[in-house]
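# What the coordinates show
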Amino acid sequence: MATVSTEHYRAYTPRPFMRQERDSVTILFGGLHWRAERVLQGVLEGAGYRARVLPIATRDDLLTGREVADIGQCCPTSFTTGNLVNFLKGEAGRIGVEEVNKKYVYLTAGSCGACRFGQYHQSYELALRNSGLGAFRMFLMAQDQLDQKATMGDGLDLNLPLTLGLLWGIFVTDLVQDLEYQVRPYEVVPGATDAVARESIEYLFQVFRDRPARSPYRSVVWHLTTGYFTRALREVHRKFSTIEVDRLRVKPTVKITGEFYLQTVEGDPNYNIHRWLETEGAEVYPAAISVWMDYLLRHGLQRFEDYSGIEKGARLKLALGRVAQGIYRFTFDRLRRALRGLPHEMPNQFELRRLAAPYFHSRLDGGEGDMLVGKALWAHHKKKAHMICELSPYSCMPNTMSIGAMAGVVGKYPDLLYAPLEIKGDAEVHALSRCQMILTEAKKRAQREFDDALQTTGLTLDEVRAYVDAHPAMKKATYHVPHDGRAAGTAAKMVLHVAAKIGRPR
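Structural notes, computed from the coordinates. (Residues numbered from 1 in each chain as written. Predicted model: local features only at pLDDT ≥ 70, side-chain atom pairs only at ≥ 80, totals over all residues. Heavy atoms only, no water.)

## Overview of the overall build of the protein chain
Stated formally: The secondary structure listing takes helices from DSSP runs of H or I that are at least 4 residues long and strands from runs of E that are at least 2 residues long, numbered from the N terminus. By definition in these notes, contact holds between two residues if any of their heavy atoms fall within 4.5 Å. In this tally, Asp and Glu contribute negative charge and Lys and Arg positive charge; neither His nor the terminal groups of the chain are included. One atom stands in for each charge, and that atom is NZ of Lys, CZ of Arg, CG of Asp or CD of Glu.
The secondary structure content of the protein chain amounts to 20 helices and eight strands. The C-alpha extent of the protein chain, read off along each of the three principal axes, is 80 × 60 × 55 Å. Across the protein chain, every contact between residues at least 6 apart in sequence was considered, and the portion connecting residues at least 24 apart equals 76%. Taken together, the 66 basic and 57 acidic charged side chains of the protein chain have centroids lying 5 Å from each other.

What follows is the structure, encoded as structure tokens:
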């Protein structure tokens, strides 16, 4: 017999987080890669908050999320809700439920959108209630509304200094992650890159925690003009320069794209796809959080494009938005130059939109929109990667749309290697075996590209290796090998670079 509830639905309204609680309440957060999480923790602590990063989500968290929340939610929500619940249950067993409710608040992203992302708050609420933690305070930060003191209280003040610190933290950790993934597949001493990356992030944690305090206006000027962060990145560059590499190992480059959480996190939620690809002999081109935020800027400004000449002030808002986006990209490039331009450049959002336009309408909202199609074509045309690996949650509507659009792309460009993986969290063998089939062809292409580079330059592998051995600087992880659009693989680019150094014709 079905049970009928006579209780009216009541929206989740947590007790506010107040300023006087800052010294006793810890802000929990997670869902990014470990480098960003650690540095953002430093930003929060430097601003006077207690902050703690949740553990990396595991398969057990997935099962817990399915048990205590909506079974129809996408796997990122199952992982994150289960991750939160398991952490809180562990703490409740240690200090009690009442203390957990007093000592912790959880901060995460939320928004109203075209997919299940708009229902995340209900999944979290259901999970907390079913776990006996209904009084726990959880706050969802809407992507399009930073000032939410009316609902969450004045305990967390997202003022300009804090917001800029968080943004700069994302910039620098994206750059370090990119450099790390370029170096690790070629390291001579196994584990050297991981050790330097950990050391660098701990150093950046201190840099951001000790960031000088400024008033809002002065903070803007200071962040845009200071050498504080570029000096820190030059120190990171020095640390990476101690790693010896062998760039003549032939490896395919795999560009990661997809749903934000799955393309960003590193662990069970995406089957450890980054490390798995490396163990399978690939070089991974990771997805930068900065690129996703640049897309959000571009997508938000499109409304003013459409309403220019119709809505009062639309042209002015569009112009100001373009200036802000230009400053955003300039800042990223400035920090990238501090690492001697080694990390990949930020793709131009308008170029991505142009490339995707025949296949995906730029005004369609939800997920990463037309950017997924644009990034795939950008990487293919500019020879940034041999293969695209797109990570999508099971039955995710926005990503299903992009995968459908990619069918048209692959039809026109059959040489584009594209591996769309639908991630459920518990179907690892199926997903990785599918990826492996495409990766096998990518390896063949990387080898052909390398052989062609040797043939066209008239060099042998022994001659190239002898030249590199005679120039020890070329064995450093921080040695810059130019990318001129002729090859996607690091080994082939190294051959072409050596040929140019010794004066061999193209």
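## Re the sheet that holds strand β8 (residues 417-423)
Note the threshold: Whether two strands pair depends on DSSP finding at least two bridges between them. Interaxial angles span 0 to 180 degrees and are taken between N-to-C directions of axes, which are lines fitted to C-alpha atoms, for helices over the stretch in contact.
As summarised here, the arrangement of the four strands in space is β6-β5-β7-β8, forming an open sheet in which the pairing is parallel. Single-partner strands in this sheet number two, and they are β6 (283-285) and β8. Put simply, the sheet's adjacent strands are angled 25 degrees from each other on average, direction ignored. Judged from the three bridges that link them, strand β5 (residues 253-258) and β6 form a sheet pairing that is parallel. Residue pairing in the sheet places Thr253 in a bridge with Glu283 of β6.

## Some details on the environment of Asp61
What counts is decided by this rule: Only protein chains enter the accessibility calculation, which uses a 1.4 Å probe. A residue is then buried if its area is under 20% of the maximum for its type, exposed if over 50%, and partly exposed in between.
Summarising the element assignment, Asp61 is placed in helix α2 (residues 59-68). Judged by its relative accessible area of 6%, Asp61 falls in the buried class. Considered as a pair, Asp61 and Phe87 are 26 residues apart in the sequence and their alpha carbons are 9.3 Å apart. Not counting residues within four places of it along the chain, the set of residues in contact with Asp61 comprises Ile56, Ser78, Phe79, Gly82, Asn83 and Asn86.

## Some words on unusual backbone geometry
The phi dihedral of Tyr271 is positive, around 60 degrees, even though this residue is not glycine. Tracing the backbone through its elements, the reader meets Tyr271 in the loop between α11 (260-264) and α12 (273-279). For Tyr271, a relative accessible area of 2% puts it in the buried group.

## Details of the pattern of salt bridges
Threshold: Should a side-chain nitrogen of Lys or Arg be within 4 Å of a carboxyl oxygen of Asp or Glu, the pair is scored as a salt bridge.
Applying the stated criterion across every chain yields a total of 35 salt bridges. The partner of Arg35 in a salt bridge is Glu266, with the nearest N and O atoms 3.0 Å apart. Taken together, the positions of Arg35 in helix α1 (residues 34-46) and Glu266 in the loop between α11 and α12 put the pair 231 residues apart, joining distant regions of the chain. Each member of the pair, Arg35 as well as Glu266, carries the same accessibility label: buried.

## Observations regarding the pairing of strand β2 (residues 50-53)
For strand β1 (residues 26-29) and β2, the ladder comprises four bridges, and the chain directions are parallel. For Leu28, the partnering residue across the bridge sits in β2 and is Arg52.

## A short note on α1
For clarity, the cut-off: Each helix should span, by expectation, one fewer than its residue count multiplied by 1.5 Å.
An ideal rise of 1.5 Å per residue puts 18 Å on 13 residues; α1 measures up with 18 Å between its terminal C-alpha atoms. Of all the 13 residues making up α1, 10 are buried; the element is thus mostly covered by neighbouring parts of the structure. Restricting attention to buried positions, one finds in α1 the residues Trp34, Arg35, Ala36, Glu37, Val39, Leu40, Gln41, Gly42, Val43 and Leu44. Where α1 is buried, its residues meet β1, β2, α7 (160-183), α8 (192-209) and α13 (289-307). In the segment just after α1, Gly48 is the residue with positive phi, at about 100 degrees.

## Structural notes on the packing of aromatic side chains
Definition in use: Here is the rule: rings of Phe, Tyr and Trp (six-membered ring for Trp) pair when centre to centre is within 6.5 Å. Planes less than 30 degrees apart are stacked, more than 60 are edge-to-face, and the remainder are tilted. By definition here, charges over rings are those cases where NZ of Lys or CZ of Arg is within 6 Å of the ring centre and within 35 degrees of the ring normal.
Considering all chains together, one arrives at 10 aromatic pairs under this definition. Pairing Phe87 with Tyr104 gives two aromatic rings, centres 5.7 Å apart and planes at 80 degrees, and the pair type is edge-to-face. In this pair, Phe87 sits in helix α3 (residues 75-95) while Tyr104 sits in strand β3 (residues 104-110), placing the two residues 17 residues apart along the sequence. An identical accessibility class is assigned to Phe87 and Tyr104; each is buried. The rings of Trp168, Phe171, Tyr328 and Phe332 are connected pair by pair, giving a single aromatic cluster. We note Lys255 situated over the ring of Tyr285; from NZ or CZ to the ring centre the distance is 4.5 Å. Cation over ring: Arg303 sits above Tyr307, and NZ or CZ is 4.6 Å from the ring centre.

## Points about α7
To keep it simple, the criterion reads: Definition of a polar contact: a pair of N or O atoms within 3.5 Å, with one able to donate and the other able to accept a hydrogen when the atoms are protein atoms, and with sequence-neighbouring residues admitted only if both atoms are side-chain atoms.
Between the first and last C-alpha of α7 there are 35 Å, a value that for 24 residues agrees with the 34 Å anticipated at 1.5 Å per step. Its side-chain oxygen placed 3.0 Å from the backbone nitrogen of Leu162, Asn159 serves as the N-cap of α7.

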